[in-house]
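# A closer look at the structure
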Amino acid sequence: MEVGGGEKMNRREKAFGIVVTFSIMFLFWLLLSGFFDAFHLIIGGICSAIVALISHDLLVRGKGEKMVLKSFRLLLYIPWELWQIVLANFDVAYRVLHPKMPIDPLVIEFETSLRGDFALVTLANSITLTPGTITIFVEPEKGKFWVHALAKEHANAHLVDKTMQRKVADVFMEW
Amino acid sequence: MLLIDVIVTILLGAGMFFMFIGAIGLLRFPDFYTRLHATGKCDTLGEGLIIAGLIIYHLFHYPGIPLVAVKLLILFIFIFIANPTATHTIVKAAYNKGLKPWRLGEGRR
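Residues numbered from 1 in each chain as written. Chains lettered and ligands numbered in written order. Predicted model: local features only at pLDDT ≥ 70, side-chain atom pairs only at ≥ 80, totals over all residues.

## Observations concerning the sheet that holds strand 3 (residues 144-149) of chain A
Pairing between the strands of a sheet is mediated by backbone hydrogen bonds and can be parallel or antiparallel. Applied cut-off: Strands qualify as paired when DSSP identifies two bridges or more between them. Here a helix means four or more residues in a row that DSSP labels H or I, a strand means two or more in a row labelled E, and each is numbered from the N terminus. Axis angles are defined between N-to-C directions and span 0 to 180 degrees, where every axis is a line fitted to C-alpha atoms and, for a helix, only to the segment in contact. Our contact criterion uses C-beta atoms placed from the backbone: two residues qualify when those atoms are within 7 Å.
An order of 1-3-2 (chain A) is seen for the three strands of this open sheet, with the pairing classed as antiparallel. Each end of this open sheet is capped by a strand with a single partner; those strands are strand 1 (106-111) and strand 2 (133-139) of chain A. Sheet twist, expressed as the average angle between the axes of neighbouring strands with direction ignored, equals 25°. In this sheet, strand 3 of chain A lies alongside strand 1 of chain A in antiparallel orientation, the contact comprising six bridges. Pairing of Glu111(A) across the sheet is with Lys144(A), part of strand 3 of chain A. Across the sheet, helix 3 (residues 67-97) of chain B lies against strand 2 and strand 3 of chain A, angled at about 70° from strand 2 of chain A, the strand it touches most.

## Some details on the interface of chain B and chain A
This is how the line gets drawn: Polar here means any residue other than Ala, Val, Leu, Ile, Met, Phe, Trp, Tyr, Cys and Pro, which are nonpolar, and Asp, Glu, Lys and Arg, which are charged; Gly is therefore polar.
With 31 residues of chain B at the interface, the matching set in chain A holds 26 residues. Those elements that place two or more of their residues in the side of chain B that touches chain A are helix 1 (2-28), helix 2 (32-61) and helix 3 of chain B. By residue number, the principal contributor to the side of chain B that touches chain A is helix 3 of chain B, which donates twelve residues. Across the side of chain B that touches chain A, the residue classes tally to 18 nonpolar, eight polar and five charged.

## Quick notes on the nonpolar core
Test applied: Any set of buried Ala, Val, Leu, Ile, Met, Phe, Trp, Tyr and Cys residues joined through C-beta atoms within 7 Å is what this text calls a nonpolar core. Counts of 20 or more other C-beta atoms within 10 Å of a residue's own C-beta define buried residues, counts of 12 or fewer define exposed ones, and intermediate counts define partly exposed ones; C-beta atoms are placed from the backbone.
Core analysis: the biggest nonpolar cluster contains 22 residues, and Leu123(A) and Val168(A) have the highest contact counts within it. If you list the elements that add at least two residues to this core, you get helix 4 (117-129), strand 2, strand 3 and helix 6 (163-172) of chain A together with helix 2 of chain B. Here this core gets five residues from one element, more than from any other, and that element is helix 4 of chain A. When neighbours within four sequence positions are excluded, Leu123(A) is seen to be in contact with Thr112(A), Leu114(A), Met164(A), Gln165(A) and Val168(A). Within the second largest apolar cluster, 16 residues are counted, among which are Ala88(A), Ala93(A), Phe18(B) and Ile21(B).

## Here's the deal with the pairing of strand 3 of chain A
Residue and element names in this part refer to chain A. Of the pairings in the sheet, the one linking strand 2 to strand 3 comprises six bridges and is antiparallel in character. Looking at the pairing, Ile134 lines up with His148 of strand 3. Count of turn residues in the strand 2/strand 3 antiparallel hairpin: four residues, of which Gly143 carries a positive phi of about 65°.

## Some points on the confidence of the model for chain B
Note the threshold: A score between 0 and 100, pLDDT records how confident the predictor is in each residue.
Per-residue confidence for chain B averages 87 on the pLDDT scale, and 98% of its residues sit at or above 70. Note on the complex model: pTM 0.80, ipTM 0.81.

## Here's the deal with the packing of helix 4 of chain A against helix 3 of chain B
Definition in use: Orientation labels follow simple angle bins: below 35 degrees gives roughly parallel, above 145 gives roughly antiparallel, 65 to 115 gives roughly perpendicular, and whatever is left gives oblique.
The N-to-C vectors of helix 4 of chain A and helix 3 of chain B enclose an angle of 85°; their axes lie 9 Å apart at closest approach. By the angle class used here, helix 4 of chain A and helix 3 of chain B are roughly perpendicular. On helix 3 of chain B, the residues touching Ala124(A), Asn125(A), Thr128(A) and Leu129(A) of helix 4 of chain A are Ile81(B), Pro84(B), Thr85(B), Thr87(B) and His88(B). Considering only residue class, the contact of helix 4 of chain A with helix 3 of chain B consists of four nonpolar, five polar and no charged.

## Side note on the packing of helix 1 of chain B against helix 2 of chain B
Residue and element names in this part refer to chain B. Counted only if it meets this: Left-handed describes a crossing whose near helix is turned anticlockwise from the far helix by less than a right angle; the clockwise case is right-handed.
Contact geometry of helix 1 with helix 2 gives a least axis separation of 8 Å together with a crossing angle of 165°. Here helix 1 lies roughly antiparallel to helix 2, going by the angle between them. By crossing handedness, the relation of helix 1 to helix 2 is classed as left-handed.

This is the structure we're talking about:
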C-alpha cells in the first residue's frame with residue numbers, strides 16, 4: 001500500500017459502508033412494505049439513504065475486508081448451528097423429563113483466539129444455543145469466555161473438543 | 001394438499017412440545033441459571049418450528065402473497081439472534097450481582 005493513501009482509503013471504506021447499509025435497508029424496506037410503485041420506492045430510497053448516511057458505521061465497521069467471503073462462510077456455518085440447537089433441545093428435554101434430573105452445573109472459563117466483535121458475538125450466541133451451555137461473560141481483549149454448563153459432558157465439549165471454537169475461528173479467519 | 005397439512009401439524013405439534021418442555025424445565029430446575037437453560041434453548045427451537053409450520057402452510061394455501069412467508073422468516077431470524085443474546089444478558093446481570101450457581105447436592109432455590 002502506498003504511503004499517504006490513508007485518507008483516500010478511509011473515504012473508500014466509508015463509501016463502501018454506506019453502500020452496503022443502503023442496500024440492506026432498501027431490501028428490508030421492499031420486503032416489509034410489499035408495494036412496488038414509484039411513490040413507495042422513492043420514499044423507501046430516501047429513508048434508506050438517511051439511515052445509511054447517519055448510521056453506516058454501526059453495521060459495517062472497519063475495512064470490511066473479505067466481508068463477502070466471511071458472510072458466505074457464516075451461511076455455511078448456520079445449518080450446523082441449527083442442527084446443534086435441535087440436539088440441545090433433545091438434551092434439555094431428556095434432563096427435564098428424567099425423574100432424577102441428571103444435572104451437575106458448573107462454571108468453566110477458557111480462552112479463544114477470537115478478537116473481532118462479530119466473531120465474539122457469534123461464538124457467544126452459539127454457545128448459548130448449543131447443548132447445555134450459556135455464556136455468562138466475555139472478555140474481548142483476551143477472547144476469554146465464562147460459560148455456565150449444565151453437566152460435565154457439556155463443559156468438555158468446550159474445554160477438550162473445541163469443535164465450535166474451531167468452526168467459528170474458521171468462519172472469521174481469526175485463528 | 002393433505003400431506004402438507006400433516007407436515008404443518010407435525011411441525012406445530014413439535015414446536016408446542018418444545019415450548020412445553022421449556023415451561024416444565026422452568027418449574028423443575030433448581031436455580032436461576034439452570035432455568036434459563038430450559039427457556040433459552042427450547043423457546044428458540046419451539047418458535048422456529050412453529051414459524052416453519054406457518055411458512056409452509058402459507059406458501060401452499062396462499063401462494064399469491066409470498067411476502068408474508070418472508071416476513072415470518074425475518075421474524076425467525078430476529079428470534080434466532082435476540083433469544084440467545086437476551087438469555088446471555090440476563091445471566092450476566094445475575095452473575096455480576098453475585099448470584100452463586102447451584103451445585104449438585106444443594107436444595108432447590
